[in-house]
Structures are given as C-alpha cells and as structure tokens.
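# Structural description and commentary
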Amino acid sequence: MTSLASMYGIGVLVIDEIQHLLHSKNDQEEMLNFFVTLSNTVGIPTVLIGTSKAQKLFKGNFRQARRAASDGAVIWDRMAEESEEWQFFLETLWELQCLKTHSELTEDVKKAFYYECQGVTAIAVNLFILAQERALFDENNTDEIITPQVLKKTAKEDMQTIQPMIKAIRTNNLADMMKYEDIMINLDEVMINHKRNTEITGRIQEAFKERQNTIEYKRQDMIENLSVEVAALGIFDILNITEIKKLVTKLVEKSPLDTDINLLKSDAIQQSISLNQQKKEQKNKAKVQRAEILPLLALRKRALEKKQHPYELLKAKGYIKNPLEEFYY
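Parameters at a glance
- Residues numbered from 1 in each chain as written.
- Predicted model: local features only at pLDDT ≥ 70, side-chain atom pairs only at ≥ 80, totals over all residues.
- Heavy atoms only, no water.
- Helix = DSSP H or I, 4+ residues; strand = E, 2+ residues; numbered from the N terminus.
- Buried < 20%, exposed > 50% of the residue type's maximum accessible area, 1.4 Å probe, protein only.
- Contact = heavy atoms within 4.5 Å.
- Areas by Shrake-Rupley, 256 points an atom, 1.4 Å probe, with all protein chains shown as cover.
- Patch = residues over 30% accessible without salt bridge, like charges linked within 9 Å, V, L, I, M, F, W, Y side chains within 5 Å.
- Salt bridge = Lys/Arg side-chain N within 4 Å of Asp/Glu carboxyl O.
- Lys, Arg positive; Asp, Glu negative; His and termini not counted.
- Charge placed at Lys NZ, Arg CZ, Asp CG, Glu CD.
- Phe/Tyr/Trp six-rings, centres within 6.5 Å; stacked < 30°, edge-to-face > 60°.
- pLDDT = per-residue confidence, 0-100.
- Expected span 1.5 Å × (residues − 1).
- Polar contact = N/O pair within 3.5 Å; in protein donor to acceptor, adjacent residues only side chain to side chain.
- Axes fitted to C-alpha atoms, helices over the stretch in contact; angles between N-to-C directions.
- Parallel < 35°, antiparallel > 145°, perpendicular 65-115°, else oblique.
- Left-handed = near helix turned anticlockwise from the far one by under 90°.
- Nonpolar A, V, L, I, M, F, W, Y, C, P; charged D, E, K, R; others polar.

This part is about the overall build of the protein. Summing up its helical and strand segments, the protein has 18 helices and two strands in all. Expressed as a percentage of the 329 residues in the protein, the buried residues total 31%. Here the contacts in the protein between residues at least 6 apart in sequence split such that 67% fall between residues at least 24 apart. A total of about 22,500 Å² of accessible surface is found on the protein, and carbon and sulfur atoms cover 54% of it.

Below you can see the structure in the form of structure tokens.
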C-alpha cells in the first residue's frame, strides 16, 4: 500500500459508508486499527464518511474517537428553514420547473415545502420532482401549478414510506433519527403509477415531448429569435439591438411558454414602436431644453447653417440694439 500510494501520488484516502462496520463479520476494533495503522504507514490523511450511525463506532473507544476527530469532525446536518443556504437552494431548485405554468415561490409554498422535507437535500429534490409529476398528471390541476396542497398530498401519498423519518426529524427526536441510515424513494415506480392512473391516452407522450428541453433553453431560444426578427424590420431609428432584446426578454418571461410566437412577435413590435417613439420624444425634448438654455448659441448655429453672419440674425431677433437709437431717445 505504501509503494502504491507513492507510485500514484495518492494525497488522501477516503473511506465511505463507514457505518457498515457495525454489521461487519470481522471485529470492528480490528478494522479501525487497520485504518489507523494504514494511515500511519502510508503517511497520508484518512477521511472516514458515514451516516449518523457511524458515531456508535467511536463511542466505546477513546483512542478511536480521538483518532476520528484528530483533524476535525464535521457533522453535515440538514439546512435550517431561515438560513441563507436553504433560501438559495430552494430558489435555485425552483428555476428547474418543467411545468406548463411557472409556479411562484410564495411564502406559503416555502413553508409547506420545508415542512414536508425538513431541509434534507435528497428529500427536497425528490419532493420537487414528485410534486411536478402529480401536478402534471392530475386532471383537476389543468394549469399544472405547484401549490401547498399539491406538496402535502405528494408527501402523504408518494413519500409515505419516509413519513416516520420525516416526523423524527421534524420533532428533532435524535433517538428516532439514529434508527434510520438512508432515505430512498423509487422515483421510477411512482412515475409508472401516475402513468397507469392516467386515462387520457397520448397525454404522457405529448407532455414529455414538450419537455425534452428545459424551460430556460426554450425561453432563451425564443428571445434570441424574436429579438433578431424585430430588429431586422429596420423601422427603429432610436432603439438598438440591446434595448430590443431587453424588451423582448421581459415580454417572453411574463408570457406562458405555449403562447403563440406570432402573438409574441406582434406584441414585441408594438412595444418597440412605442418605446422608440417615447425615446424620440425624450431626445427632441432634450434638444428643445438645450436650445432654451442656450438661445444665443442656437441662433448662431442657425445663422451658420444659412451662411449668414451671426451678427445680422442676433440683431434681427432683438439681441443687439442700435446704440444711437437706444441712447439718443
């Protein structure tokens, strides 16, 4: 082992699922001693990874516990409901929806979601997938929206096998939590059950066909195509391609994914014309304001354009008086 570690440049030895030693036929103490000796002999750090049950391995032996915590022991707990970590995770996860209607992440939905998954990453991801499955195949939910009721029903019916674990975590009962090593859900089996209960023929194939690409990819593709088509009209003398794309992006993001492309194009053109006219008026207004602020410079510019001496135009407009007439009378 020392020669191989040196030959391949092993920097760290990671031993996963260490809790399996609890059910090992070999002596646990002997195996732990082997790991310690291996680390000392090879001369590389050893990282032991396991579930909460792995703590039992080190409680009966001070030397092993000291070894296990010599470089620090990290307990990876669930995410707290009010933590920034959970908020960031949930907001990021919510962008991956594959439903016809984008469900808003309201406070009620956040509370219901955390109540059912308790901040456990694996359960949160499974709940998110299964809730979309239920919203997709529920004939009463024609808009395909994730609601607190959908989350509650999904957890109760599709994740019933893990409800004792969730309850233990929710009540923070450490004694009960130590009983469970892993939490697993057979997503394929649940999806098959949903499909079997769906009576509308062809709906499944159509639904999955529409969702072969992600919602984000479809929206970006629609934004790029609409922006190019609107800008190619060449009727906007003020707007540039960046401003048109920004306008189209807002329009597409507010509209359902299945909105007719021609309708979106028509709305984009109308809004672009309106925005172009608005910017033109603002530009003209700014010119007028500058002219009002600097009237003499405006008259000088007009005179030069007419190839006149500025003196003559300023005199005609009353800015220059005849000194003899002014002082004589």
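There is more to say after this.
This part covers the environment of Gln 278. With respect to the helices and strands, the residue Gln 278 is situated in helix α15 (residues 261-293). Separated by 40 residues in the primary sequence, Gln 278 and Ile 238 place their C-alpha atoms 9.5 Å from one another.

With that out of the way, let us pick up a nonpolar patch on the surface. A contiguous nonpolar surface patch, about 590 Å² in accessible area, is contributed by Met 1, Leu 4, Met 7, Tyr 8 and Ile 10. Counting through the fold element by element, Met 7 comes out in helix α1 (residues 2-8). The class for Met 7 is exposed, based on a relative accessible area of 57%.

Tallied over the full model, the rule gives seven salt bridges. A salt bridge links Lys 245 to Glu 224; the shortest N-O distance between them is 2.7 Å. Remark: Glu 224 occurs in helix α13 (residues 215-231) and Lys 245 occurs in helix α14 (residues 241-254); sequence separation between them is 21 residues. A residue is classified by how much of its surface remains accessible, and Lys 245, at 31% relative accessible area, is partly exposed. With relative accessibility at 35%, the residue Glu 224 sits in the partly exposed group. Residues joined by salt bridges that share partners form a network here, namely Arg 134, Glu 157 and Asp 158.

For the rest of this paragraph, the subject is a negative patch on the surface. Residues Glu 91, Glu 95, Glu 216 and Glu 253 make up a contiguous surface patch of negative charge. Structurally, Glu 95 is set in the loop between α5 (84-94) and α6 (107-117). Given the relative accessible area of 54%, Glu 95 is considered exposed.

The subject of this paragraph is the packing of aromatic side chains. With the rule as written, the count across this model stands at five aromatic pairs. Here the aromatic rings of Trp 86 and Phe 113 are separated by 6.2 Å at their centres, their planes lie at 35 degrees, and the arrangement is tilted. Taken as a pair, Trp 86 in helix α5 and Phe 113 in helix α6 lie far apart in primary sequence, 27 residues in all. The interplanar angle of 85 degrees and the centroid separation of 5.9 Å between the aromatic rings of Trp 94 and Phe 113 together place this pair among those described as edge-to-face.

Per-residue confidence for the protein gives a mean pLDDT of 76, with 74% of residues at or over 70. When pLDDT is averaged over each helix and strand of the protein, the minimum, 53, is found for helix α12 (residues 203-210) and the maximum, 92, for α6. Low confidence marks residues 182-187, where pLDDT is under 50. Its contacts with residues over four positions away, or in another chain, come to 13 contacts.

Here the focus is unusual backbone geometry. Outside of glycine, negative phi angles account for most residues, and trans bonds account for most peptide bonds. The phi dihedral of Glu 17 falls on the positive side, at around 55 degrees, and the residue is not glycine. As for its placement among the helices and strands, Glu 17 is situated in the loop between β1 (13-15) and α2 (28-42). You can call Glu 17 partly exposed: its relative accessible area is 35%.

This part takes up α14. The end-to-end C-alpha distance of α14, which contains 14 residues, comes to 20 Å, matching closely the 20 Å that a straight helix rising 1.5 Å per residue would cover. With a side-chain oxygen lying 3.2 Å from the backbone nitrogen of Thr 242, the N-terminal cap of α14 falls on Asn 240.

Time to look at the packing of α6 against helix α7 (residues 121-137). It is the contact of α6 with α7, at a shortest axis distance of 9 Å, that shows an interaxial angle of 125 degrees. Relative to α7, the element α6 is oriented oblique. Handedness of the crossing formed by α6 with α7: right-handed. On the side of α6, the interface is formed by Phe 113, Glu 116 and Cys 117, while α7 contributes Ile 123, Ala 124, Leu 127 and Phe 128. Here the residues of the contact of α6 with α7 sort into six nonpolar, no polar and one charged.

Let's shift gears to the packing of α7 against helix α8 (residues 148-158). Remark: α7 packs on α8, axes separated minimally by 9 Å, with the N-to-C direction vectors making an angle of 105 degrees. Regarding the angle of α7 to α8, the classification is roughly perpendicular. For the pair α7 and α8, the contacting residues are Leu 127, Leu 130, Ala 131 and Arg 134 in the first and Val 150, Leu 151, Lys 153, Thr 154, Ala 155, Glu 157 and Asp 158 in the second. Looking at the contact of α7 with α8 residue by residue, the class counts come to six nonpolar, one polar and four charged.

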